[in-house]
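Coordinate analysis (summary)
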Amino acid sequence: MEEFTHRSAPVRAAYSYCEAVTGTQARNFAYGIRLLPADKRQAMSALYAFSRRVDDIGDGLLGGTAKRERLEATRELLGRIRDGAVDEDDTDPVAVALADAAQRFPIPLDALDELIDGVLMDVRGETYETWDDLKVYCRCVAGAVGRLSLGVFGTLPGARGSERAPEYADTLGLALQLTNILRDVREDAGNGRTYLPGDDLAKFGCTGGFHRASPPSGADFTGLVHFEVRRARGLFAEGYRLLPMLDRRSGACVAAMAGIYRRLLDRIERDPMAVLRGRVSLPGREKAYVAVRGLSGLDARHISRNAVRRRV
């Protein structure tokens, strides 16, 4: 914390703004990053605040042309940050905080370009016929965030297989995003968006959409959800290989965020129709339990033991 107090007043204020945005608008994310030391927590808040700005443009009420213009203006701002052209007295606190974070950590800022590309897919109303098609979108809007986070976390010196850490971070992002898609299937339908692959919808008779609290007549909605849950579980299993490569507090952060989404997935699997009735969520006490479990290192040790078994 001492290092933070030595930063200039404008930089401290910029980080405080980003932390406030994160605390009020990112319930699950905030539970994870509170486990980080101050410098990493502030950098993650800056990343979240910038990412939230991009998402809010895509989800806002502007017309398509205006959204595209705003997104390209945000891309230009990102270019200024990348070029070191944002001064600490800039009037945009998110830009100031992200510029400072990028100087302190090897953050792959190009991944934020991918996030913008993914939100542009939403603006264009793209749909996805196959899982391979959907993976492209998920890698833009969620895998990129995993790789950005890894730039802040770093890996332990000499960690076995650390050259694959960006791949695992990307895959964990896909797992979280697929869980989000399942949780928000009715809300997205109400906004005219369908993310689940078209061939999966056809396989389970669900091409009629999800605009009501009950599935389309003749649809095997439970079968569809269970199919996608199995896919998400496979992604979690692969992405969790990242945990033993991280220091204790970074691993706790990842374990907490991923653990919350895995528990959401458990709830969705037990009651698939719940996602058509409303948003599935975890109570605060359960999120706190997941955070404590992550900080204790239980998840990281479990993954390490499984990795050893697979090698034997």
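Reading the values: rules and limits
- Residues numbered from 1 in each chain as written.
- Predicted model: local features only at pLDDT ≥ 70, side-chain atom pairs only at ≥ 80, totals over all residues.
- Heavy atoms only, no water.
- Salt bridge = Lys/Arg side-chain N within 4 Å of Asp/Glu carboxyl O.
- Helix = DSSP H or I, 4+ residues; strand = E, 2+ residues; numbered from the N terminus.
- Buried < 20%, exposed > 50% of the residue type's maximum accessible area, 1.4 Å probe, protein only.
- Axes fitted to C-alpha atoms, helices over the stretch in contact; angles between N-to-C directions.
- Parallel < 35°, antiparallel > 145°, perpendicular 65-115°, else oblique.
- Left-handed = near helix turned anticlockwise from the far one by under 90°.
- Contact = heavy atoms within 4.5 Å.
- Nonpolar A, V, L, I, M, F, W, Y, C, P; charged D, E, K, R; others polar.
- pLDDT = per-residue confidence, 0-100.
- Core = buried A, V, L, I, M, F, W, Y, C linked by side-chain atoms within 4.5 Å.
- Expected span 1.5 Å × (residues − 1).
- Bend = angle between axes of the 7 residues up to and from the residue.

Take the pattern of salt bridges next. Counted by the stated rule, this structure contains 29 salt bridges. A salt bridge links Arg41 to Glu19; the nearest nitrogen and oxygen atoms lie 3.1 Å apart. One end of the pair, Arg41, is in helix H4 (residues 38–59); the other, Glu19, is in helix H2 (residues 9–25), and 22 residues separate them in sequence. Look at Glu19 and you get partly exposed, because its relative accessible area is 24%. Taking the shortest distance from any N to any O, the salt bridge between Arg82 and Asp110 comes out at 3.1 Å. Here Asp110 lies in helix H7 (residues 110–124) and Arg82 lies in helix H5 (residues 64–82), a separation of 28 residues in the sequence. Each of Glu72, Arg75, Arg82, Asp110, Asp113 and Asp117 takes part in a single network of salt bridges with overlapping partners.

The next subject is the packing of helix H12 (residues 221–239) against helix H13 (residues 248–270). Packing of H12 against H13 brings their axes to within 10 Å, and their N-to-C directions diverge by 160°. Our classification of the angle between H12 and H13 gives roughly antiparallel. In this structure, H12 crosses over H13, and the sense of that crossing is left-handed. Facing Val225, His226, Val229, Ala232, Arg233 and Phe236 of H12, the residues of H13 in contact are Ala258, Tyr261, Arg262, Leu265, Asp266, Ile268 and Glu269. Its residues placed into classes, the contact of H12 with H13 shows 8 nonpolar, 1 polar and 4 charged.

If you trace the backbone, Thr74 turns up in helix H5. For Thr74, a relative accessible area of 6% puts it in the buried group. Setting aside residues no more than four positions away along its own chain, Thr74 makes contact with Phe50, Val54, Ile57 and Ile116.

Turning our attention to the environment of Arg124. Of note, Arg124 is situated in helix H7. C-alpha separation for the pair Arg124 and Thr65, spaced 59 residues apart in sequence, amounts to 9.9 Å.

Moving on, we get to the confidence of the model for the chain. Looking at the chain as a whole, its pLDDT mean stands at 88, while 89% of the residues score no less than 70. Segment residues 307–312: pLDDT under 50, and 2 contacts once partners within four positions in sequence are set aside and those in other chains are kept.

In this section: the nonpolar core. Membership of the largest hydrophobic core comes to 101 residues, with the highest contact counts inside it found for Phe50, Ile81, Leu112, Phe210 and Phe221. Excluding anything up to four places from it in sequence, Ile81 contacts Phe50, Val86, Ala95, Leu98, Ala99 and Leu109.

Along an α-helix, residues three or four positions apart point the same way, because every turn accommodates 3.6 residues. Its 19 residues place the ends of helix H9 (residues 165–183) 27 Å apart at the C-alpha level, agreeing with the 27 Å of an ideal helix rising 1.5 Å per residue. Among the 19 residues of H9, 16 are classified as buried, and the element is accordingly described as predominantly covered.

Along its length, helix H8 (residues 131–153) shows its largest kink, about 50°, at Arg139. Most of H8 sits out of view: 17 of its 23 residues are buried. Backbone geometry just after H8 places Gly154 at a positive phi near 70°.

This part takes up the packing of H2 against H4. Where H2 meets H4, the closest approach of the two axes is 8 Å, and the angle between their N-to-C directions is 65°. H2 and H4 meet at a crossing whose hand is left-handed. Mapping the contact onto sequence places Tyr15, Cys18, Glu19, Val21, Thr22 and Gln25 in H2 and Arg41, Gln42, Ala43, Ser45, Ala46, Tyr48, Ala49, Arg52 and Asp56 in H4. Among the residues forming the contact of H2 with H4, the class breakdown is 7 nonpolar, 4 polar and 4 charged.

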